[in-house]
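Observations on the model geometry
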Amino acid sequence: MKHLDWELNDFVFVKIAENSQELENAYMIRRKVFVQEQNVPLEEEIDEYEKESTHFVLYDEQHQPIGAGRFRVIDNIGKVQRICVLSSGRKNGAGAMIMNAIEEYAIQQEVPQLKLDSQVHAIPFYSKLGYEIVSDEFMDAGIPHKTMKKTIL
């Protein structure tokens, strides 16, 4: 796979996980946010789609992982999943950095539309990025969600 990364300045960057350490960085962030903070069962968080997904990791100024996300294509629609940022890195645009990298990657892959299942509390975040609600509320891992979509091509 072609090496891709997105630098936000000289120190903060989003990178596609290309080796076992980078993949473990993504899993570690997801475990801290979803399993420890939100009480999602580990067996639901780390699932059967990991190997077919492209994983993104956001690193801070000290090159420490602080955010993660996952992307895969289903029937020519990009499925954006597992977007998360450690509490210490929130509210400074970190989530948008991950989303922008995933969207750029999807465009490079010629994927015309993206879809995600947003936790209800995160809907304003995704709305600001151009995503629109396309479903009623549903429960996933005990957390209320709505499906959102965005056309990028």
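Quick caveat, the model's predicted, so the values are computed rather than measured. Residues take numbers from 1 onward in each chain, read along the sequence in its written order. Where totals are concerned, whole chains, interfaces and linings use all residues; where local detail is concerned, this predicted model gives features only for residues with pLDDT of at least 70, and gives and counts side-chain atom pairs only at 80 or more. Side-chain numbers come from the whole structure's heavy atoms, not from hydrogens or water.

**What to know about the overall build of the protein chain**
Definition in use: Segments assigned H or I by DSSP are reported as helices when at least four residues long, segments assigned E as strands when at least two residues long, and all are numbered from the N terminus. Taken over C-alpha atoms, the radius of gyration is set against a globule rule of 2.2 Å times the number of residues to the power 0.38. Between buried and exposed lies partly exposed: a residue is buried under 20% and exposed over 50% of the maximum accessible area for its type, with that area taken using a 1.4 Å probe on protein chains only. Contacts between residues were defined by any pair of non-hydrogen atoms, one from each residue, lying within 4.5 Å. Calculation of accessible area relied on Shrake-Rupley with a 1.4 Å probe; when residues are assessed, cover is drawn exclusively from the protein chains displayed.
What the protein chain contains, in helices and strands, is four helices and nine strands. In terms of C-alpha radius of gyration, the protein chain reaches 14 Å, essentially the compact-globule figure of 15 Å for 153 residues. If one aligns the C-alpha atoms of the protein chain with their principal axes, the spans along those axes are about 40 × 35 × 30 Å. By residue count, 47% of the 153 residues in the protein chain fall in the buried class. Considering only contacts in the protein chain between residues 6 or more positions apart, those separated by 24 or more positions represent 56%. Carbon and sulfur atoms form 49% of the exposed surface of the protein chain, whose accessible area is close to 8200 Å².

**Digging into the nonpolar core**
Here is the rule: What is meant by a nonpolar core is a set of buried Ala, Val, Leu, Ile, Met, Phe, Trp, Tyr and Cys residues, joined one to another through side-chain atoms within 4.5 Å.
Within the largest apolar cluster, 41 residues are counted, with the highest numbers of intra-cluster contacts made by F56, F71, V80, M99, L114, Y126 and Y131. For this core, the leading source of residues is helix α3 (residues 94–108), giving eight residues. Ignoring sequence-local partners within four residues, the contact set of V80 consists of R70, F71, M99, I102, L114, K115, L116 and D117.

**Looking at helix α1 (residues 20–37)**
Stated precisely, the cut-off is as follows: In a helix, the anticipated span is given by 1.5 Å times the number of residues less one. Two axes define the bend at a residue: one fitted to the seven residues ending there, one fitted to the seven starting there, and the bend is the angle between them. Polar contact criterion, stated in full: a pair of N or O atoms within 3.5 Å, where within protein one must be able to donate a hydrogen and the other to accept it, and residues adjacent in sequence count only if both atoms are side-chain atoms.
The end-to-end C-alpha distance of α1 is 24 Å, a good match for the 26 Å that 18 residues give at a rise of 1.5 Å each. Its axis deflected by about 30° at R31, α1 carries its strongest bend there. Within α1, the full set of buried residues consists of E22, N25, A26, Y27, I29, R30, V33 and F34. Residues of α1 that are buried in the fold lie against β2 (13–16), α2 (42–45), β3 (54–59), β4 (65–74), β5 (77–85) and β6 (113–119). N-capping of α1 is provided by N19, with a side-chain oxygen placed 3.0 Å from the backbone N of Q21.

**Here's the deal with the pairing of β3**
Worth spelling out the cut-off: One bridge is not enough; two strands pair if DSSP finds at least two bridges between them.
Burial analysis of β3 places six of its six residues in the buried class, the great majority of the element. The side-chain alternation of β3 yields two buried faces, one formed by T54, F56 and L58 and the other by H55, V57 and Y59. Two strands pair when backbone bridges link them, and β2 and β3 are joined in this way by four bridges, in the antiparallel orientation. Residue pairing for β3: V14 is matched across the bridge by L58. Linking β3 to β4, which pair antiparallel, is a turn of five residues; within it H63 sits at a positive phi near 65°.

**Details of the UniProt feature "domain: N-acetyltransferase" (unreviewed entry) in the protein chain**
Our working rule: UniProt positions are given in the numbering used here, feature names are shortened, and annotations may be inferred rather than shown by experiment.
Taken from the UniProt record, the annotation "domain: N-acetyltransferase" (unreviewed entry) applies to residues 14–153. Counting secondary structure, residues 14–153 comes out at 31% helix and 35% strand; the distance between its end C-alpha atoms is 22 Å.

**Structural notes on unusual backbone geometry**
Within the chain, D75 stands out as a residue other than glycine whose phi angle is a positive 50°. Mapped onto the elements of the fold, D75 is located in the loop between β4 and β5. You will see that N76, though not glycine, has its phi angle at about 65°, which is positive. One can find N76 in the loop between β4 and β5.

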